[in-house]
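# Per-entry structural report
If you want the building blocks of each chain, they are given just below.
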Amino acid sequence: MRVIGLDPGLRLTGWGVIDVDGNRLRHVAHGVIKVASERTLAQRLSELFDGVAAVIAAQKPLEAAVEETFVNVNPGSTLKLGQARGVVMLAPARAGLPVFEYAANLVKKSITGAGHAEKHQIAMMVGRLLPGIEATADAADALAIAICHAHHRATASRVEAAL
């Protein structure tokens, strides 16, 4: 099954696609959608939607996983990030994909074993779980979200089978 992980941001949105076969993971592609910061908020959100929709159309995932918004010190920034996250969730939903959400600490704990891991630790573990892949910051986070979803999905499937 093909999964896309999405790390929402208003300037940079990371995306990562993996194929999952049982407990085997295979890297497909990753990248960052860059949105021009000099545009209005509405234009930036539209550009972000188009970028995510284009990646989904090109990569053809069957499921999407998105990181939940964390609340930071600046409420205005949190609100704008929430709007970007809504757009990032809308694109796969409009494409007919089920969208799953994961807290940032759960993603970090699933990948590194520590809920407060640093970005470089996440990138290093993504490189270990997907050998030969060197993704930076936002793309590595997106791949981590996809991997987290793959692990949690596999666990849920085993629990359902046991019932």
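Moving on to the overall build of the protein. A tally of regular secondary structure across the protein gives five helices and five strands. Along the chain direction, N to C, the helices and strands of the protein fall in the order β-β-β-α-β-α-β-α-α-α. By the compact-globule yardstick of 15 Å for 163 residues, the protein fits well, its C-alpha radius of gyration being 15 Å. Each of the three principal axes of the protein carries a C-alpha extent, and together these read 50 × 35 × 35 Å. In the protein, the proportion of contacts linking residues at least 24 apart, taken out of those at least 6 apart, comes to 59%. Of the roughly 8600 Å² that the protein leaves accessible, carbon and sulfur atoms contribute 55%. One way to put it: in the protein the 17 positive side-chain charges average out to a point 1 Å from where the 15 negative ones average out.

We note that K60 has phi near 55 degrees; this positive angle belongs to a residue other than glycine. Here K60 shows up in the loop between α1 (41-59) and β4 (63-67). Unusually for a residue other than glycine, A137 sits at a positive phi of about 25 degrees. A relative accessible area of 36% places A137 in the partly exposed class.

Position of A140 relative to the elements: it lies in helix α5 (residues 137-162). A C-alpha to C-alpha distance of 8.3 Å links A140 and K119, two positions 21 residues apart in sequence. Among all residues touching A140, those that are not within four sequence positions of it are I122, A123, V126 and A135.

Turning next to the confidence of the model for the protein. Confidence in the prediction for the protein averages 91 pLDDT; 94% of positions are at 70 or higher. Per-element mean pLDDT across the protein ranges from 84 in α5 up to 98 in strand β1 (residues 2-7).

The next thing to look at is the side chain of D7. Relative to the elements of secondary structure, D7 occurs in strand β1. Look at D7: it is buried, it has no salt bridge, and the nearest opposite charge is K119 at 4.5 Å. Setting aside anything within four residues of it in sequence, one finds D7 in contact with L12, T13, G14, E67, D138, D141, A142 and I145.

Core analysis: the largest hydrophobic core is formed by 22 residues, its most contacted members being I18, V107, V126, L130 and L143. Those elements that provide at least two residues to this core are β2 (12-21), α3 (104-112), α4 (119-129) and α5. Of the residues forming this core, the biggest block, nine residues, is contributed by α5. Residues within four places of L143 in sequence aside, it is in contact with G16, V17, I18, H27, A29, H30, V126, L130, I133 and A135. Residues I33, L45, V55 and A84 belong to the second largest nonpolar core, which totals 21 residues.

Attention now goes to the packing of α1 against helix α2 (residues 75-94). Direction vectors running N to C along α1 and α2 enclose 35 degrees, while the axes themselves pass 9 Å from each other. For the crossing formed where α1 meets α2, the hand is right-handed. Between α1 and α2, the contacting residues are L41, L45, L48, F49, V52, A53 and I56 on the first element and Q83, A84, V87, V88, L90, A91, P92 and R94 on the second. When grouped by side-chain class, the residues that make up the contact of α1 with α2 number 13 nonpolar, one polar and one charged.

Conventions used here
Residues numbered from 1 in each chain as written. Predicted model: local features only at pLDDT ≥ 70, side-chain atom pairs only at ≥ 80, totals over all residues. Heavy atoms only, no water. Helix = DSSP H or I, 4+ residues; strand = E, 2+ residues; numbered from the N terminus. Rg over C-alpha atoms; globule rule 2.2 N^0.38 Å. Contact = heavy atoms within 4.5 Å. Areas by Shrake-Rupley, 256 points an atom, 1.4 Å probe, with all protein chains shown as cover. Lys, Arg positive; Asp, Glu negative; His and termini not counted. Charge placed at Lys NZ, Arg CZ, Asp CG, Glu CD. Buried < 20%, exposed > 50% of the residue type's maximum accessible area, 1.4 Å probe, protein only. pLDDT = per-residue confidence, 0-100. Salt bridge = Lys/Arg side-chain N within 4 Å of Asp/Glu carboxyl O. Core = buried A, V, L, I, M, F, W, Y, C linked by side-chain atoms within 4.5 Å. Axes fitted to C-alpha atoms, helices over the stretch in contact; angles between N-to-C directions. Left-handed = near helix turned anticlockwise from the far one by under 90°. Nonpolar A, V, L, I, M, F, W, Y, C, P; charged D, E, K, R; others polar.

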